[in-house]
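# A closer look at the structure
So the chains spell out like this:
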Amino acid sequence: TLLNTQSKIYFLVKSSHVRFYEEYKGNIRIIYVDYSKYKKNLLYRYTFLKKLQANNFKYSFILNQHRLLTDDDIAIHCGAKKRIALNSHDSRYFKLGSRYIEPKYDEILFSSYEYVEKKYDTLLKKYFPLFQSTQSSLYFDYFNDIKSLSDYVDSEIITCQPYSLSSNRNWQKEKYIELFEYLLKTSDCSILLFGESCQRN
């Protein structure tokens, strides 16, 4: 977590996700935004941005890998002294005004699109140098040996989101089956899977 830092940290969250944060008791401040109102209601947008600007943020970080236009608009106009994007705009997808938007960022950390968790680690080390990772995440590529997991598995629950909505970023299904079978045989943990309803099968 980021709780080891001395910084005031705010997370901007869609209001439709409020139920996921109802029981959160930590000291990270959560700000909710109604994306639908933000897009359609000029008064709501103006008022919301004014409230953000009143915080005099030192940085704004846009962590969304695919950077929706609304995300860019908020990150650029929230009044932060420095604006950082995790990733450049993915040229594989059309985005209105992308040539205008990119120069608005003071720094864009990456131009590639895989292994987003490693990018988060890079961002944390650069902007939160006192942050100490708990090494609670493990990243896989085609060359990892799953038997190295024995050093990491000490939890009752392991969470996994197997599939991306971008098919070119997906690991093979057989690899996940091999991984889960190994975990179930060698530990007492339960595996909690996340995904979209269209990925249920």
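Calculation criteria
Residues numbered from 1 in each chain as written. Predicted model: local features only at pLDDT ≥ 70, side-chain atom pairs only at ≥ 80, totals over all residues. Heavy atoms only, no water. Salt bridge = Lys/Arg side-chain N within 4 Å of Asp/Glu carboxyl O. Buried < 20%, exposed > 50% of the residue type's maximum accessible area, 1.4 Å probe, protein only. Helix = DSSP H or I, 4+ residues; strand = E, 2+ residues; numbered from the N terminus. Phe/Tyr/Trp six-rings, centres within 6.5 Å; stacked < 30°, edge-to-face > 60°. Lys NZ or Arg CZ within 6 Å of the ring centre and 35° of its normal.

## So, the pattern of salt bridges
When the charged atoms of two side chains with opposite charge come close together, those side chains can pair. If you walk through the whole model with that rule in mind, you get three salt bridges. We note a salt bridge from Arg67 to Asp72, for which the minimum N-O separation is 2.9 Å. Here Arg67 matches Asp72 in class, with each residue buried. Salt-bridge contacts for Lys126 lead to Glu107; the nearest nitrogen and oxygen are separated by 2.4 Å. Here Glu107 lies in strand β5 (residues 107-110) and Lys126 lies in helix α5 (residues 116-127), a separation of 19 residues in the sequence. Taken together, the shared-partner salt bridges connect Arg67, Asp72 and Glu102 into one network.

## Structural notes on the packing of aromatic side chains
On inspection of all chains with the given rule, the structure shows eight aromatic pairs. On the basis of an interplanar angle of 5 degrees and a centroid distance of 6.1 Å, the ring pair of Tyr44 and Phe48 is categorised as stacked. With Tyr44 and Phe48 both in helix α2 (residues 42-53) and four residues apart, this pair spans about one turn of that helix. Residue class for Tyr44 comes out partly exposed when judged on its relative accessible area of 22%. The exposure class assigned to Phe48 is buried, which follows from its relative accessible area of 8%. Among the aromatic residues, those joined into a cluster by ring pairs are Tyr38, Tyr44 and Phe48. A cation over an aromatic ring shows up here: Arg45 above the ring of Tyr38, its NZ or CZ 5.2 Å from the ring centre.

Limitation: the analysis is restricted to geometry and does not speak to function.
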